[in-house]
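An overview of the molecular structure
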Amino acid sequence: MIRLFLYECRRLLWNRFFLGLGLLLLFCGWQVLNRATIFGVARTAPFSPWSFGDYLSRMLPFLWIGVLLLLSAYVTPQARRTAVLTDAAPMPPWQYAAVRCAAVSAGAGLFLSCCLGEAALFYQLCFGWHDWETLLAPALITLPPPLIFALGAGWRLSRIHPWLTYVWMAAPAVWTIVPLPEPLGLLDGSLFTSLPLALAALDPAVLDPAFSLPGSAWLSQGLMVIAGAGFLLAGSIRSLFSA
C-alpha cells in the first residue's frame with residue numbers, strides 16, 4: 001500500500017501540471033496579499049486573524065479548483081482505461097480508490113502549505129511579524145472543511161459521470177455571486193469583514209477584537225467535514241462490496 005501510494009503521488013504530483021498549478025496559486029496569493037490583505041479588513045491589522053481569514057477565503061476558490069483538477073487526473077479517458085487494468089489486479093478496487101484519494105489529499109495539503117507559507121513570508125517581510133499561533137484557528141476552520149467537502153463530493157460525482165467533476169469546479173463562482181447566509185459566511189469571507197465591526201461596536205475601546213465565530217459557522221464547517229468524509233467512505237464501501 002505504501003509503495004502504491006508513493007507511486008501515485010509521484011505520478012500525480014511530480015509533473016509540470018502540478019508545478020504549474022502551484023506557481024499559479026502562489027501568484028494569485030501574492031496578488032491578494034499585496035492588493036487586499038496588506039490594508040487589513042474591517043479596520044483590523046493586516047496580520048490579525050480577521051484579515052488572515054479574509055485572505056484564506058479569497059484563496060479558497062483557487063484551492064477548491066486546484067484540488068478538483070488533481071482529482072480530474074483520475075477521471076480522464078486515459079485514466080479510465082488504466083482503471084480496467086487495475087480492477088483486474090489482485091488488490092481490491094477499494095484499496096486503489098483509497099490510495100488515489102490519499103494522493104489527491106497529499107496534493108491538497110501541499111497547496112494548502114503553499115498558501116500558508118506564502119502568507120507567513122509576506123508577514124515576515126512586510127511587518128517583521130511572526131506570531132503564527134494566533135492564526136491557527138482561522139486557518140483550521142476556514143480551509144480544511146470546504147476542501148474535504150470538495151474532494152469527497154467531487155470524488156462521488158466523478159463516479160456518476162466524469163464531467164460532473166468539472167461542473168463542481170464552478171461552485172466557488174456561485175457563492176461569490178449569490179449572497180450566503182451567515183453560517184456559510186466563511187466561504188465568501190463575509191464573516192471576516194462583518195464580525196469585527198459588530199464586535200467593535202459592542203466595545204468601542206477595542207479596535208481589533210479577539211477572533212470568535214458564531215456557533216452556526218462552526219456547525220456548518222463541521223457538517224462539511226462529515227459530509228465530505230461520508231462521501232469518501234461511501235465510495236470505499238461500495239468498492240469493497242463490489243470487489
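Described in the following lines is the structure provided in the data block. Quick caveat: nothing in here was measured; it's all calculated off a predicted structure.

Quick look at the overall build of the protein chain
Each helix and strand in the protein chain was counted, giving twelve helices and zero strands. Taken over 243 residues, the protein chain has a buried fraction of 44%. Taking contacts inside the protein chain between residues at least 6 apart in sequence as the whole, the part at least 24 apart equals 81%. A total accessible area of about 12,500 Å² is found for the protein chain, and carbon and sulfur atoms account for 72% of it.

As for the nonpolar core
Ranked by size, the top nonpolar core spans 48 residues in total, and within it Phe52, Tyr55, Leu63 and Leu70 carry the most contacts. Counting residues in each nonpolar core, the second largest holds ten residues, with Val41, Ile141, Phe192 and Ala217 among its members.

Some points on the packing of helix H3 (residues 49-72) against helix H11 (residues 190-202)
Two elements in contact, H3 and H11, have axes separated by 9 Å at closest approach and are oriented at 160°. Judged on the interaxial angle alone, H11 and H3 are roughly antiparallel. The hand of the H3/H11 crossing is right-handed. Touching Pro49, Trp50, Gly53, Asp54 and Ser57 of H3 are Leu191, Phe192, Thr193, Leu195, Pro196 and Leu199, all from H11. Residues belonging to the contact of H3 with H11 are distributed by class as follows: seven nonpolar, three polar and one charged.

Remarks on the side chain of Ser72
If you trace the backbone, Ser72 turns up in helix H3. Within the structure, Ser72 has its side chain in polar contact with the backbone oxygen of Leu69 (distance 2.5 Å).

Side note on a nonpolar patch on the surface
A cluster of nonpolar side chains, contributed by Trp30, Leu121 and Leu125, occupies part of the molecular surface with about 300 Å² of accessible area. Topologically, Trp30 is positioned in helix H2 (residues 16-35). For Trp30, a relative accessible area of 30% puts it in the partly exposed group.

Considering the packing of aromatic side chains
Counted by the stated rule, this structure contains 17 aromatic pairs. A ring pair is formed by Phe47 and Trp129, whose centres lie 5.2 Å apart and whose planes are at 20°; its orientation type is stacked. Placement of Phe47 in the loop between H2 and H3 and of Trp129 in the loop between helix H5 (93-127) and helix H6 (136-142) is noted, with a sequence separation of 82 residues between them. By relative accessible area, Phe47 is classed as partly exposed at 25%.

Re the packing of H3 against helix H7 (residues 144-160)
Their axes nearest at 10 Å, the elements H3 and H7 cross at an angle of 35°. The crossing of H3 and H7 is right-handed. Together, Leu60, Leu63, Trp64, Val67, Leu68 and Leu71 of H3 and Pro146, Leu147, Phe149, Ala150, Leu151, Gly154 and Trp155 of H7 make up the contact between the two elements. Here the residues of the contact of H3 with H7 are counted per class, giving twelve nonpolar, one polar and no charged.

The rules we used
- Residues numbered from 1 in each chain as written.
- Predicted model: local features only at pLDDT ≥ 70, side-chain atom pairs only at ≥ 80, totals over all residues.
- Heavy atoms only, no water.
- Helix = DSSP H or I, 4+ residues; strand = E, 2+ residues; numbered from the N terminus.
- Buried < 20%, exposed > 50% of the residue type's maximum accessible area, 1.4 Å probe, protein only.
- Contact = heavy atoms within 4.5 Å.
- Areas by Shrake-Rupley, 256 points an atom, 1.4 Å probe, with all protein chains shown as cover.
- Core = buried A, V, L, I, M, F, W, Y, C linked by side-chain atoms within 4.5 Å.
- Axes fitted to C-alpha atoms, helices over the stretch in contact; angles between N-to-C directions.
- Parallel < 35°, antiparallel > 145°, perpendicular 65-115°, else oblique.
- Left-handed = near helix turned anticlockwise from the far one by under 90°.
- Nonpolar A, V, L, I, M, F, W, Y, C, P; charged D, E, K, R; others polar.
- Polar contact = N/O pair within 3.5 Å; in protein donor to acceptor, adjacent residues only side chain to side chain.
- Patch = residues over 30% accessible without salt bridge, like charges linked within 9 Å, V, L, I, M, F, W, Y side chains within 5 Å.
- Salt bridge = Lys/Arg side-chain N within 4 Å of Asp/Glu carboxyl O.
- Phe/Tyr/Trp six-rings, centres within 6.5 Å; stacked < 30°, edge-to-face > 60°.

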